Amino acid sequence: MSVDGEAVRLRTEPEEDEPGWEVDPEDEWGTAVLATVGRQLRLRREAVGMRVTDFAAAVKYGDDLVYKIEGGKRIPRQEYLTKADKVLGAGGLIAAAWEDVRKVRYPKSVRALGKLEAQAVEAALYSNHNIHGLLQTEEHMRALFEAWLPAYSDEETERMVAARMARRSIFERSPAPTLSFVQEEVTLRRPVGGRMVWRRQLERLLELGRLRNVSIQVMPTDCEDHFGTGGLIEVLKFPDGTAVGRTEGAFSGRPVSEPKQLRILELRYGMIRAQALTPRESRALIEQMLGET
């Protein structure tokens, strides 16, 4: 869409049906949010005496999309809500709905994880299959999702990418949480997405490793005694002293919060971290990999 001084074209139906903006029918909270927002949009439009056709022309979207959004069947973009707010003279009330609407794009499980991460003051994270999601570039995560079998639909891929990108706000929090990552060397050497995507991913790791609250360590592939063979480990600690953790290698992969169970996870993570290269050595190895790309 163009800006001032240029012709503004109406959005076409294919663009309106772009994947990633459909409602998850199993998400009761998300469905309720969209139904409420859609109803508010319809009532506001009717209150000012605008027909759907006139409103659609004013916000530069098609009639069909307006019907879908007002009916709670489609997730509106932020720019849609902003334009609707201005056209309907809502004084910011409609635009403010984006704070809830944007969360609807993310699967319920990811929203729950993102909420926990947003509350944590400390996180211990070990990843052995792929680079941890919080460390991934958008290109890298997209390449991972697109390589999955059975294949994700375009809509599912867009939802997961958007959700994972949103979780990266943890690096921008103030006060900053303490984040400790241990990555298997093999995950850093796999050129996911091609050489340029791989290179940008290594650069991203070096960038994040410079943050004072972030520690990134590499577990060498040739390490003989390895306590991470049970799979990923995540432990999140909160301001009130409580914590939650999970691992693929125990407790059936379910999140746990009992002190005894958490001690097991912390013991494993502590041993893995002790076996890994130091942050300085890890940085040198990543720089070496980058030089070889």
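In case you missed it, the structure is sitting above this.
In this text the structure is predicted, and so the values were computed from the model without any measurement. (Residues numbered from 1 in each chain as written. Predicted model: local features only at pLDDT ≥ 70, side-chain atom pairs only at ≥ 80, totals over all residues. Heavy atoms only, no water.)

S.K.: Whenever I open this one, the side chain of Ser215 confuses me. Can you help?
M.R.: For Ser215, the location among the structural elements is in strand 3 (residues 214-219). Owing to a relative accessible area of 13%, Ser215 belongs among the buried residues under this scheme. (Helix = DSSP H or I, 4+ residues; strand = E, 2+ residues; numbered from the N terminus. Buried < 20%, exposed > 50% of the residue type's maximum accessible area, 1.4 Å probe, protein only.)

S.K.: What is the right way to read helix 13 (residues 279-292) from this model?
M.R.: Because the α-helix completes a turn every 3.6 residues, residues three or four places apart line up on one side. Taking 1.5 Å of rise per residue, the 14 residues of helix 13 would be expected to cover 20 Å, and the 20 Å separating its terminal C-alpha atoms lies within 8% of that figure. Among all positions of helix 13, only Ser282, Leu285, Ile286, Met289 and Leu290 are buried. All buried residues of helix 13 lie within an arc of 140° about the axis, which places them on one face of the element. When the buried face of helix 13 is taken as reference, the exposed residues oriented beyond 90 degrees from it are Arg280 and Gly291. Buried residues along helix 13 sit in contact with helix 10 (185-189), helix 11 (195-209) and strand 3. (Expected span 1.5 Å × (residues − 1). Arc of directions from axis to C-beta. Contact = heavy atoms within 4.5 Å.)

S.K.: Looking at this structure, how should I read the sheet that holds strand 2 (residues 178-184)?
M.R.: Strand pairs in the sheet, formed through backbone hydrogen bonds, run parallel or antiparallel to each other. Ordered by their spatial adjacency, five strands build an open sheet running 3-2-1-4-5, and the pairing between neighbours is mixed. Looking at strand neighbours, the two that pair on one side only are strand 3 and strand 5 (243-247), the edges of this open sheet. The mean angle between the axes of side-by-side strands here comes to 10°, regardless of whether they run parallel or antiparallel. (Pairing = 2+ DSSP bridges. Axes fitted to C-alpha atoms, helices over the stretch in contact; angles between N-to-C directions.)

S.K.: Just to check I follow, could you spell out helix 5 (residues 78-88) for this structure?
M.R.: Along helix 5, the positions that sit buried rather than exposed are Tyr80, Leu81, Ala84, Asp85 and Leu88. For helix 5, the angular spread of the buried residues around the axis is 135°, confining them to a single face. Where the residues of helix 5 are buried, they touch helix 2 (28-47), helix 3 (52-59), helix 4 (63-70) and helix 6 (98-104). In the stretch just after helix 5, Gly89 is the one whose phi turns positive, near 60°.

S.K.: Is there a simple way to think about the packing of aromatic side chains in this case?
M.R.: In this description, an aromatic ring pair is defined by two values, namely the gap between the centres and the angle between the planes. Per the counting criterion, the structure on display carries five aromatic pairs. Centroid distance Tyr61 to Tyr80: 5.1 Å. Interplanar angle 70°. Geometry classified as edge-to-face. Of this pair, Tyr61 sits in the loop between helix 3 and helix 4 while Tyr80 sits in helix 5, and the two are 19 residues apart along the sequence. Judged by relative accessible area, which is 3%, Tyr61 ranks as buried. The exposure class assigned to Tyr80 is buried, which follows from its relative accessible area of 1%. A ring pair is formed by Trp148 and Tyr152, whose centres lie 6.1 Å apart and whose planes are at 15°; its orientation type is stacked. (Phe/Tyr/Trp six-rings, centres within 6.5 Å; stacked < 30°, edge-to-face > 60°.)

S.K.: How should the pairing of strand 1 (residues 122-127) be read in this particular structure?
M.R.: On a regular strand, one side chain projects to one face of the sheet and the next to the other, so that they alternate. Along strand 1, five of the six residues are buried, which leaves the element largely enclosed by surrounding structure. Across six bridges, the pairing between strand 1 and strand 2 is parallel. Paired with Ala123 across the bridge in strand 2 is Leu179. When strand 1 meets strand 4 (residues 233-237), the two strands line up antiparallel, connected through five bridges. By the bridge assignment for strand 4, Ala124 is matched with Val235.

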